[in-house]
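# An overview of the molecular structure
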Amino acid sequence: MGFKEKILTKSIYVFHLSSGSCNNCDIEILDCLTPRFDLERFGIVLVGSIKHADVLLCTGSANRLTIPRIKKLYEQMPKPAFVIAYGACGSSRGLFKDSYNTGEPLDEIIPVDAYIPGCPPKPEATIGALVKLIGKIRAKKGK
Amino acid sequence: MKAKPVIPIGPYHPLQEEPEFWKLVVDGETVVDVDVRIGYNHRGIEKISESKSFDQSIFIVERICGICSSSHPIACVQAIEDLAGIEVPERALYIRTITQELERIHSHMLWLGLAGHFLGYNTVFMWGWKYREPICDIMEMVTGNRQNYAMHKVGGVRRDIEKEHVSYILTRLDEFLKQLDILKGAVLDDPVLHTRLEGIGILTKEAAIEYSALGPTARASGYDIDVRRDHPYGVYDKVKWNVITQEKGDVFAKAVVRILEMYESARIIRQCLDRLPDGPIDSKPKEIPPGEGIGVAEAPRGEVFHYVKSDGTNSPVRHKIRAPTYMNFPTFRETVIGETVSDATIILAAIDPCYCCTERMIVVDDSNKELFRAQELVRLSQEKTARIRERFRMKQ
Amino acid sequence: MTIDAIVKKINDRYGDRILKSEIKSSKRAYIDIYPKDIVDVAKYLFKELGMRFNIASAVDDFDGIEILYHFAYDASGVIVTIRVILKDKDNPHIDTITTVTKAAWWIEREIHELFGVEFDGNEDLRPLLLPDDWPKGVYPLRKNFVVPKRDSRKA
């Protein structure tokens, strides 16, 4: 674990990107940050600009209009950066797999570090995934 | 003529969770023209539905929008029932009404929170979302999931409300109403919010009719339409409730309509639970004959419209879906033009836009110089609230 | 006004310009007309009877492209559907009803984009939903459109 990763895992800044989702995942992400689940006590904050983000939470099956945007946003992220595919659509395009307006699955567009399945994933699952991601980043030694 | 500066907002910005792109053409601080590009959420659901069976199509329409995941299935099953002439058992109608109203409360609460967030009033955001949780818990208890309920099917509902659920729902609902009272007081009596929201983004009744606006957007302008009363479905014609209307048509009126509607929803749920009849919850229809059917339902944002055409096979020939935001959204031409930039965000948010329903939204035109970024726009909006707050402090 | 009264009114006014009128149930009616009469009929329903424009839906059928204009009469919960059939599938044309109601602004853009129907008189038929690089002349909601196979995930 390098110096940057060490600092990063102490307080993760999350950017939320909806690439054609049905809003359910987006609601649950916001729900994680509000008083009931309150992820902010662990230093996890939703940021408004991709340039401040450590983790990209991507919801929805990427459609043709959003694919170039996803690539652009990933390029703009300061590295090291991590990507979470959120929900069934983010992980595998879900039932929109065969639509005329759906493009490639997310993990073929940008590298994905963690998947959260579920339609939508419960807030508990999101918290669990972030904990696992932090574990994964810390386990990487010497990189 | 000198080109007017253009403010691009989006497609990804911290205001809304969903991608959309607004182009505000400004003259000084005044918005003189608006355009919108949607499509970032277009997933081609109408085409997918044509390749699925009638039973499966209900799961698809549920995933049109996470907030309306009870309204879309209700409208869809009603269209299929209208097509095939299927009778629905009474208990199922009661259960449909209950889920529909629970969804309305959760959606209005969600909007109220987000509206507070846009104004830089994050207390409302946090409170609103906290107080929404009992409703999510009820949903989880009754349907098995916090969102995407999978509750409705052609001819009835999938899950029953058990006896022990009833008392749980009532206690949690009471808990919610107590908190709503506090929030209502905090929002409706706040002088800052009054000054900030009153008289901006006015949609006149004539414009509402011209654009066929729907739901709270129309009702706040005095256009008295409500699908639940006008095209009764479920058991809305058997319970007592009122349609909430306001006359002014500004953003504040829209907030008032939504807050008061939550009380009406709670009233409907109480009456339904009280009268819940015994009996089957599913009429188990076997075949869908050729024909066409229309189903409408009142989603939290307005009327949801489904048209289904069948040729007697297992899947629909055509499934047309119209979400309420589709009709409400073009009204931004009436409401935003002439307002200041710092008010634009809350006006655009006031119709409670739901892009995934509308399934659509522009590409940032790089040739136009960016004057404001989205965060700055939010900052402008929040600074205005702070200025007003300061003014009030000085008066007192 | 009951559904019979509404359908009778429309029939009395337009007489033999109505191809077929069917009252399907106490809440739903379907009326077939010629495409050239649509603006006139829509104006009558929207302005004079005070009906609300629900939406228009297009269907790609064997005989041509059907466009259904749904109007709701909220006082009695009735939905009347006006059906027109555009026989020429290669070059379907119909007059715009945005002159009657602004509510038709977006749906005409959408039908133009997804079905390739030209709305004469509607100036604003820019793409609404599909990406800007979508090929011209390909209409995804037509029946002859096949979703291109592009599952890039190799085993």
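Below or above, wherever it landed, is the structure these notes cover. (Residues numbered from 1 in each chain as written. Chains lettered and ligands numbered in written order. Predicted model: local features only at pLDDT ≥ 70, side-chain atom pairs only at ≥ 80, totals over all residues.)

Check the secondary structure of chain B and you find 16 helices and eight strands. Within the span of chain B, comprising 396 residues, buried residues form 59% of the whole. (Helix = DSSP H or I, 4+ residues; strand = E, 2+ residues; numbered from the N terminus. Buried ≥ 20, exposed ≤ 12 C-beta atoms within 10 Å, placed from the backbone.)

Next up on the list: helix H6 (residues 123–139) of chain A. Residue and element names in this part refer to chain A. Its 17 residues place the ends of H6 24 Å apart at the C-alpha level, agreeing with the 24 Å of an ideal helix rising 1.5 Å per residue. Pro123, Thr126, Ala129, Leu130 and Ile137 are the residues of H6 that are buried. Along the axis of H6, the buried residues cluster in a sector spanning 110°; they form a single face. Seen from the buried face of H6, the exposed residues on the opposite side, beyond 90 degrees, are Glu124, Val131, Gly135 and Ala139. The inward-facing, buried residues of H6 abut helix H1 (3–10), helix H2 (24–33), strand E4 (82–86) and strand E5 (114–116). (Expected span 1.5 Å × (residues − 1). Arc of directions from axis to C-beta. Contact = placed C-beta atoms within 7 Å.)

The omega torsion across Lys79 of chain A and Pro80 of chain A is 5°, close enough to zero to call that bond cis. Locating Pro80 of chain A in the fold gives a position in the loop between helix H3 (67–76) and E4. Cis geometry marks the peptide bond from Cys119 of chain A to Pro120 of chain A; its omega dihedral reads -10°. With respect to the helices, strands and loops of the structure, Pro120 of chain A is situated in the loop between E5 and H6. Phi angles above zero are rare outside glycine, and Asn23 of chain A is one such case at about 85°. Mapped onto the secondary structure, Asn23 of chain A falls in the loop between strand E1 (13–18) and H2. Positive phi outside glycine occurs at Ser212 of chain B, with the angle close to 55°. When you line up the elements, Ser212 of chain B lands in the loop between helix H8 (205–210) and helix H9 (215–219).

This part is about the nonpolar core. Counting 169 residues, the largest nonpolar core has Ile80 and Ala115 of chain B together with Ile67, Val80 and Val117 of chain C as its most contacted members. Sorting elements by how many residues they give to this core places helix H4 (residues 90–118) of chain B first, with 14 residues. For Ile67 of chain C, the residues in contact, after removing those within four places along its chain, are Ala56, Ala58, Val84, Leu86, Ile94, Ile111 and Val117 of chain C. Of all hydrophobic cores here, the second largest spans 29 residues; its members include Leu8, Cys32, Ile70 and Ala129 of chain A. (Core = buried A, V, L, I, M, F, W, Y, C linked by C-beta atoms within 7 Å.)

Of the residues lining the interface, 27 residues belong to chain B; the matching set on chain C comes to 24 residues. For the side of chain B that touches chain C, the elements supplying multiple residues, two or more each, are helix H1 (45–50), strand E7 (302–310), strand E8 (318–322) and helix H12 (324–328) of chain B. Its residues placed into classes, the side of chain B that touches chain C shows eleven nonpolar, five polar and eleven charged. (Nonpolar A, V, L, I, M, F, W, Y, C, P; charged D, E, K, R; others polar.)

Moving on: the sheet that holds strand E2 (residues 28–33) of chain C. All names here are of chain C. Taken in spatial order, the five strands make up an open sheet running E1-E2-E5-E4-E3, and their pairing is mixed. Of all the strands in the sheet, just strand E1 (18–23) and strand E3 (52–60) have a single pairing partner and so form its edges. Between one strand axis and the next, the sheet turns by 20° as a mean value, whatever way the strands run. Pairing analysis gives nine bridges linking strand E4 (residues 65–73) to strand E5 (residues 78–86), with the strands arranged antiparallel. (Pairing = 2+ DSSP bridges. Axes fitted to C-alpha atoms, helices over the stretch in contact; angles between N-to-C directions.)

Next up on the list: the interface of chain B and chain A. At the junction of the two partners, chain B supplies 31 residues and chain A supplies 33 residues. For the side of chain B that touches chain A, the elements supplying multiple residues, two or more each, are H1 and helix H5 (122–143) of chain B. In terms of residue class, the side of chain B that touches chain A is made up of 15 nonpolar, eight polar and eight charged.

On to the sheet that holds strand E3 (residues 55–59) of chain A. Within a sheet, each strand pairs with its neighbour through backbone hydrogen bonds, oriented either parallel or antiparallel. Residues and elements named next belong to chain A. The parallel open sheet is built from five strands, whose spatial order is E2-E1-E3-E4-E5. The strands lining the two open edges of the sheet, one partner per strand, are strand E2 (45–46) and E5. Note: E1 against E3, five bridges, orientation parallel. Among the inter-strand pairings, Ser18 is bridged to a residue of E3, identified as Thr59. Of the strands in this sheet, E4 and E5 touch H6, which is tilted by about 170° from E5.

Structurally, Thr98 of chain C is set in the loop between strand E6 (93–95) and helix H3 (104–115). Sequence-wise, Thr98 of chain C and Glu123 of chain C are 25 residues apart; in three dimensions their C-alpha atoms are separated by 9.9 Å.

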